Each structure stands twice: as structure tokens, then as C-alpha cells.
Amino acid sequence: MVPGIPVRAREKPKWRCLDTCCWLIGYMCVMWWLFLVLYNAVPSLPQYVTEAITGPLPELPGTRLAREGLRVKHPVVFVPGIVTGGLELWAGRPCAEGLFRKRLWGGTFGEVYKRPLCWLEHMRLDNETGLDPAGIRVRAVSGLVAADYFAPGYFVWAVLIDNLARLGYEEKSMHMASYDWRLSFQNTESRDKSLSRLKSTIELLVSTNNNEKVVVIPHSMGALYFLHFMKWVEAPISAGGAGAGEGWVAKHIKSVMNIGGPFLGVPKAFAGLFSAEAKDIAVARAVAPGVLDSELFGLQTLQHIMSVTRTWDATMSMLPRGGEVIWGDLDSSPEEGYDCSGKKPKVEEVTECQTKNITDGKELGPHGKPMAHYGRMVSFGKDSVQKASSALDRKIDFKNIDKQTPVRENVSCGDVWTEYHEMSWESVQAVADGKVYTSSGMLDVLRFVAPQMMKRADANWAYEIADDLSDPKYQHYKYWSNPLESTLPNAPDMEIFCLYGVGILTERSYVYKLSSDNDTCYIPFRIDASAEKDSEGCLKGGVHFVDGDETVPVLSAGFMCAKPWQGKTRFNPSNISSFTREFQHAPPANLLEGRGTQSGSHVDIMGNFALIEDVLRVAAGASGRDLGGDRVVSNLPKWSERIKLKL
């Protein structure tokens, strides 16, 4: 300050609208934080607040059944599905220094934010072998903690474990059969001996629990994994099996209670592999085009997702199985006529002879509206969905297409590579010129656009229906997880359950479009989010929906128990009792109920009190008939009758 010169008064800063918004946001965050602190710090407060809003909380099934006298009887084995089990690092590249035995998958996912490219590098498998890249070892977390919670506060098995504990269960009578869910099922054995360890654990549980047989509870893809296990354990060593011989399953397994099992695959598995998206991603792309899959901000998110997930062989186990017999053809499908509005289902039977009313090239059903054509699982353009098959101008000739001139030649696509980078525009256009693809056609498309991935898929999985199950070729392990190309074990006293949610719109088929020719680093195909309903089916944002649990359609989760495994059939030669039990979805009444106790959603159903009660009763000794037998509230019986499968 210079002497003699008065200090100029400071100007008072102006209060701006932005300041007000920031202050309000900060105030709301602080108050919400204080509420959460109080809510969790005072033991009785959560229950008091919740009951004040919703009324008394329902009693936990485990508490009520324990009071009725139910106790530990059969040991229990949990088989988690894809992505819900934790993975940890055992060896890695220099960028992963300090992460030894830290979770790369599950938990807080902290490394995704701290070093995303390093994380992707370690989650990726070798594109040729489907095993670890050189110098990297990522392994499944062991114990109940492997999949009790997927992330902090997001339960998977935790609620079921809690309720079993109330009957007296503990780790000596419960086991989490964790495995590396990225690998093909046979590779979990060849690399980690996961199947051998599961066999030994089941034998130990039986011998240390009064020789009581085990109740196995697979969830999601775990249902396919355990189908594979039951064939593997009795198959001869020469065929890649354990060599335990016929009778091992009958001796050790009481019941298999499949929860949300995708026995016949899920259509969204195709969308994930084909364009790295599903309904939510398609909407996000439409709202903010270019953000997810361009160089903007250096993201290229979808390309990175695709380059990693296409190396995970297990994702290909969930591609639709059974071909047109199960999923429908160009003219018909089992679910045709499904009304997603919540109204009572239509009683008309939609048969081929009823669907020949054609107006302006569009095929009309008995309801006078365009057919949904769910059997056209991929359509390029909304018109291709609605036209009669005779009016479709299809050009499918993948064999004579030039793939030698990549459209991305001399174009930098950053650090990410997918097999699309080796395709020409002629080959990209050829896929679109096919117009529509059924479930079998989808597999052909994937073989064309991702040959390396599908080479591994065809070596590990099978997708058809067996003509003669006595053919020696079905002894190969690639057939073991396909219920339409394998048989249930010779275990007539065993029971098998299909437990799953219904009442939630679930992805069934897709309307696609080509990306712009200028988007040379984009994935060339994307769901057309502008395609909306004007037909009988539920078409929203380029996706046709049917009934299911939001991930697995009813047909995939329930058909096997409802028909091919019902009674003595060629798929169930020892007449194992099968039960179909559906759980109607009811969302939580408010946020304080969390994910609800009556959810039918694919993962949230693990906290469904009615399902938990079924599991606890069977573990305590009840049979499927004691539970009341089948409980079906969907259109599954009618849809199953439309499927003409040789039994």
C-alpha cells in the first residue's frame, strides 16, 4: 500500500444464479448425508422410519420357518451366474503394481476409475485360446464372499444366506461354487480345476452332514454351468469328464433349484456381442449420439466393451438355442399375440393359416394389427419387421463378399481394436441387405462379422436340437450345457426346479440400422432407437419385448421344465420330477423398501421372500409336491404347446 493514497473499497461480489444452484445442490447433499448417517447410526431408526411410511415390515422367511421348527438338513451349494462373482488379480503387468489379490471385478470397482485401460487389459482374455494372456492371472474369489454382494449394498446371495443361517446353516453346510465366469465351462476345469473342486466339495458336504444329499441352487448362467457339471462328473475321462460313472449324481444330489436359468439362451446376448448394447445403451446413444462410441473425450466406451467381452467365451453360452423350432421363423413365433399393456392375454391361437391377411405388404394377425414377428430376431428397418415374408427382398450371400479391403484402412481408431476394423463396407452392407434373421441366422451373422470369436464358440458350445441323443457325437463336452442336445442324469429320485420371475418386459428381438459411413471408428451396427410400436408386439426404442424377468424371457427360463423335462422323455430318460414355479413381479412400494421383497427381476429375485421360502423348505427336506407343485401365472403353457419339439 502506497502512503497517502486511500484504499479503494472492495466491490461486493454479485450473487449469480449459478451460485444459487450450487448452494442448493450442496445443501441437499449435506442434508442427505446427515440423514444417511443418522439412519444407519441409530439401530432402530431404519426400521422405525420404514414402518412409519410403509407399515410393519414382513418377517424374514428364515425367522418364521425356524419358529415353525425347520432346521438344517440338506447341505446347500450356490452356483453363481455370469458377472456376479468376484475376480481378483494374482499376476499382472507393471501398470497393475500393488493390486495383488485385490478385486478387479466386484466390490468397489475402484480400478475402473483409477486406471481404466490397465483394468481392461487385465479383464481381457486371449482372443485365440480364450485363456489368460501372457503374464496375467485373474482368478475367482473363493468363499461365500465371492458373490454375496456384487458391490457394496447390492446383494446377490446375501439375503438367501442370511435366511438359511436363521435355520442353523453355516459354512460347514453351505458352499459358494465360485468360478471364473469369463471362461468356457470346460476351461474352468482345464485351467483352475473348478469342476473337480466342486465335485470334491459336494462329496465332503454329503459325508460331513449325515450323508444327506446336497441341494444345489444355480442362478442365471450358473444353471448352464451345473448342467455341464452333471454331464462332466459322470462322463469318462477319455471324453474330458471326471470318470465318476453313472450314479454319482443320484447318490449326491437331492434337488437342483435353478433361479432365472437361461436354458435356451437370451436374445440380449446377441445384441451385446453384435453391437455392445441393449435397450438402455440404445436409448443413451439416441439421446447423446457419439458420446459412448467416438473419440469424444477419448472414451470409445462401446468399442472397449466389445473388444473385452468378445474374448469371454462364457457370454457365447447364452446365445439363443433351439433355432426356429424354439424361437420362431419368419412367419410365426410362440409368443405371437402377447399383449404388453397388462391386459388379459388374448385367447386366439395364432397359427400359420391365420396370419395370411396382408395389407400394403404388412402381415396382419387375427387382431387386425401387424404381426410382431418375434421370430425375426434381428431386422434391419422397421418395415422388415412388419412385411410378409414373401414381400421381403433379402440378399444373403456372405461367402462371396470382399472382406479384404477394410473400411478403416489407414484410419486411427485409438487404442481399441475389434474384428469390425477388418471388415469392408461391402461386407457391412451385406449384413444389412439380409433384412431379417431368425435365431439360426443370428449365429451365421456372428460367424461372418466375428469369425475368431465364433471359432471358439463353436468349439465350446452347441445351439441346435439333437435328432438322436444316442449318437456318440453328443458325448463331446460342447453339448453338455445345451439341454436340447443332452439328457438329464440317471437320477430318478432327484428333483429339478425352474424358478424365475415374470411380469417384466424382457428383450426378445431387435430393429437395427447402419451407422453413418463417416463414422469409421464406430461399431457399424446399432439398434434403431427411433423404431416404435404400431404393431401388436411391444416395440419400444428398437427392441421388441415379451414377458420375462427383464433378462431371460419366459420361454428360456421355463420351457424345459414345462415340456421337455416333464415326465419321461428323450431329454429326461429317468423321469426326474420337474417343477415350474413363477414369481409375479411386484416393485417396491417406495425407496425405503430397497429392491423389494416381491421382485421378479433377474437379480433382485434373490431377495424375493416367496422364492426364499421355497428354497428353505426344500433344504429342510420338503419336496416339490410339498411346495404345491407347479405355479404358473404366465402364458407359458400356451406358448409351450405351440413349440413342436419331438419328445
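Residues numbered from 1 in each chain as written. Predicted model: local features only at pLDDT ≥ 70, side-chain atom pairs only at ≥ 80, totals over all residues. Heavy atoms only, no water.

Identification of the protein chain as phospholipid:diacylglycerol acyltransferase from Selaginella moellendorffii is taken from an unreviewed UniProt entry.

Draft legend 1. Looking closely at the overall build of the protein chain. Check the secondary structure of the protein chain and you find 21 helices and 19 strands. Buried positions account for 54% of the 647 residues belonging to the protein chain. Counted over contacts in the protein chain with a minimum sequence separation of 6, partners at least 24 positions apart contribute 75%. When the accessible area of the protein chain is evaluated, it comes to approximately 28,000 Å², of which 55% is carbon and sulfur surface. (Helix = DSSP H or I, 4+ residues; strand = E, 2+ residues; numbered from the N terminus. Buried < 20%, exposed > 50% of the residue type's maximum accessible area, 1.4 Å probe, protein only. Contact = heavy atoms within 4.5 Å. Areas by Shrake-Rupley, 256 points an atom, 1.4 Å probe, with all protein chains shown as cover.)

Draft legend 2. Region of interest: the sheet that holds strand S4 (residues 137-140). Taking strand neighbours across the sheet as the criterion, the three strands line up as S3-S2-S4 in an open arrangement whose pairing is antiparallel. Each having just a single partner strand, strand S3 (103-105) and S4 make up the two edges of the open sheet. Neighbour-to-neighbour, the strand axes of the sheet open up by a mean angle of 45 degrees, direction not taken into account. Relative to S4, strand S2 (residues 87-91) runs antiparallel, the two sharing four bridges. Bridge assignment links Leu 89 to a residue of S4, and that residue is Val 138. (Pairing = 2+ DSSP bridges. Axes fitted to C-alpha atoms, helices over the stretch in contact; angles between N-to-C directions.)

Draft legend 3. Representation of empty space enclosed by the protein in the model. Counted by the stated rule, this structure contains four cavities of 30 Å³ or more. Of the volumes computed, that of the second largest cavity is approximately 50 Å³. Residue composition of the lining of the second largest cavity, grouped by class: seven nonpolar, two polar and one charged. (1 Å grid on protein atoms, 1.4 Å probe; cavity = no way out; pocket = protein on both sides within 12 Å on 5 of 7 lines; lining within 4 Å. Points joined across faces, edges and corners; volume = space filled by probe spheres on them. Nonpolar A, V, L, I, M, F, W, Y, C, P; charged D, E, K, R; others polar.)

Draft legend 4. Quick peek at the packing of aromatic side chains. As enumerated under the stated definition, the model contains 28 aromatic pairs in all. Each member of the aromatic cluster is reached from another via a ring pair, and the members are Trp 105, Phe 109, Trp 119, Phe 150, Tyr 154, Trp 181 and Trp 312. Of note, Arg 595 hangs over the ring of Tyr 154, and the distance from its end group to the ring centre comes to 3.7 Å. Here Arg 631 stacks its cationic end above the ring of Phe 583, 4.4 Å away from the centre of that ring. (Phe/Tyr/Trp six-rings, centres within 6.5 Å; stacked < 30°, edge-to-face > 60°. Lys NZ or Arg CZ within 6 Å of the ring centre and 35° of its normal.)

Draft legend 5. Structural context of the nonpolar core. Phe 274 and Val 449 are the most contacted members of the largest nonpolar core, which has 127 residues in total. Not counting the four nearest positions on each side in its chain, Val 449 is found in contact with Phe 274, Arg 310, Glu 419, Tyr 420, Met 423, Val 431 and Phe 525. Counting residues in each nonpolar core, the second largest holds 39 residues, with Leu 164, Met 174, Phe 579 and Phe 583 among its members. (Core = buried A, V, L, I, M, F, W, Y, C linked by side-chain atoms within 4.5 Å.)

Draft legend 6. Spotlight on the packing of helix H11 (residues 267-275) against helix H17 (residues 439-449). For the pair H11 and H17, the least separation of the axes is 11 Å and the interaxial angle reads 20 degrees. The angle between H11 and H17 places the two elements in the roughly parallel class. Considering only the axes of H11 and H17, their crossing is left-handed. On H17, the residues that touch Phe 270, Leu 273 and Phe 274 of H11 are Met 442, Val 445, Leu 446 and Val 449. Tallied by class, residues from the contact of H11 with H17 come to seven nonpolar, no polar and no charged. (Parallel < 35°, antiparallel > 145°, perpendicular 65-115°, else oblique. Left-handed = near helix turned anticlockwise from the far one by under 90°.)

Draft legend 7. Molecular detail of helix H16 (residues 425-433). Looking at H16, one finds that the buried residues are Ser 427, Val 428, Ala 430, Val 431 and Ala 432. Here the buried face of H16 lies against H11, strand S12 (378-380), strand S13 (436-437), H17, strand S15 (504-514) and strand S16 (525-527). Two residues or fewer after H16 comes Lys 435, characterised by a positive phi angle close to 65 degrees.

Draft legend 8. Structural context of the side chain of Asp 604. Inspection of the secondary structure puts Asp 604 in the loop between strand S19 (577-584) and helix H20 (609-619). Exposure remark for Asp 604: the relative accessible area of 15% places this residue in the buried category. If we ignore the near neighbours within four places in the chain, the residues touching Asp 604 are Tyr 154, Phe 155, Arg 595 and Ser 599.

Draft legend 9. How the structure looks around the pattern of salt bridges. Under the counting rule described, the total for this entry stands at 23 salt bridges. Here Glu 59 ties to Arg 67 by a salt bridge, and the two come within 2.6 Å at their closest N and O atoms. Note on Glu 59: relative accessible area 35%, which makes it partly exposed. With a relative accessible area of 57%, Arg 67 lands in the exposed category. Note that Asp 444 and Arg 447 form a salt bridge whose closest N and O atoms lie 3.2 Å from each other. Of this pair, Asp 444 and Arg 447 both sit in helix H17, three residues apart, roughly one helical turn. Overall, the relative accessible area of 31% leaves Arg 447 in the partly exposed class. (Salt bridge = Lys/Arg side-chain N within 4 Å of Asp/Glu carboxyl O.)

Draft legend 10. Molecular detail of the environment of Gly 106. Topologically, Gly 106 is positioned in the loop between S3 and helix H4 (110-114). Taking the relative accessible area as the measure of exposure, Gly 106 reaches 3% and is therefore buried. Residues Gly 106 and Val 141, 35 residues apart in the sequence, show an inter-C-alpha distance of 9.7 Å.

Draft legend 11. Quick peek at the state of the cysteines. A full pass over the atoms with the stated rule returns three disulfides. Paired by a disulfide, Cys 95 and Cys 118 hold their sulfur atoms 2.1 Å apart. Disulfide Cys 95-Cys 118: torsion about the S-S bond near 80 degrees, hence right-handed. Of this pair, Cys 95 sits in the loop between S2 and S3 while Cys 118 sits in helix H5 (residues 116-123), placing them 23 residues apart in sequence. Assessed through its relative accessible area of 31%, Cys 95 is described here as partly exposed. (Disulfide = S-S within 2.5 Å.)

Draft legend 12. Layout of helix H6 (residues 158-165). H6 sits mainly inside the fold: six of its eight residues count as buried. Listed as buried for H6 are Ala 158, Val 159, Leu 160, Ile 161, Asn 163 and Leu 164.

Draft legend 13. Summary view of unusual backbone geometry. At Val 83, a position not held by glycine, the phi torsion is positive, near 65 degrees. Position of Val 83 relative to the elements: it lies in the loop between strand S1 (76-79) and S2. Assessed through its relative accessible area of 28%, Val 83 is described here as partly exposed. Non-glycine residue Lys 435 carries a positive phi angle of around 65 degrees. Within the secondary structure, Lys 435 sits in the loop between H16 and S13.

Draft legend 14. Molecular detail of the pairing of strand S8 (residues 214-218). Along S8, five of the five residues are buried, which leaves the element largely enclosed by surrounding structure. The alternating pattern of S8 places Val 214, Val 216 and Pro 218 and Val 215 and Ile 217 on opposite faces, both of which are buried. Bridge count for S8 against strand S9 (residues 253-259) is three bridges, and the pairing is parallel. Counted as the bridge partner of Val 216 is Val 256 from S9.

Draft legend 15. Representation of the sheet that holds strand S7 (residues 174-176) within the structure. Taken in spatial order, the six strands make up an open sheet running S7-S1-S8-S9-S14-S19, and their pairing is parallel. Only two strands of the sheet have a single neighbouring strand rather than two, namely S7 and S19. Between one strand axis and the next, the sheet turns by 15 degrees as a mean value, whatever way the strands run. Examined bridge by bridge, S9 and strand S14 (residues 495-502) share five bridges and lie parallel to one another. Residue pairing for S14: Ile 259 is matched across the bridge by Leu 499. Contacts between helix H19 (residues 554-562) and the sheet are confined to S14 and S19, with S14 contributing the most and set at about 150 degrees to the helix. Along the sheet, H20 contacts S1, S8, S9, S14 and S19; its crossing angle with S9, the most-contacted strand, is approximately 170 degrees.

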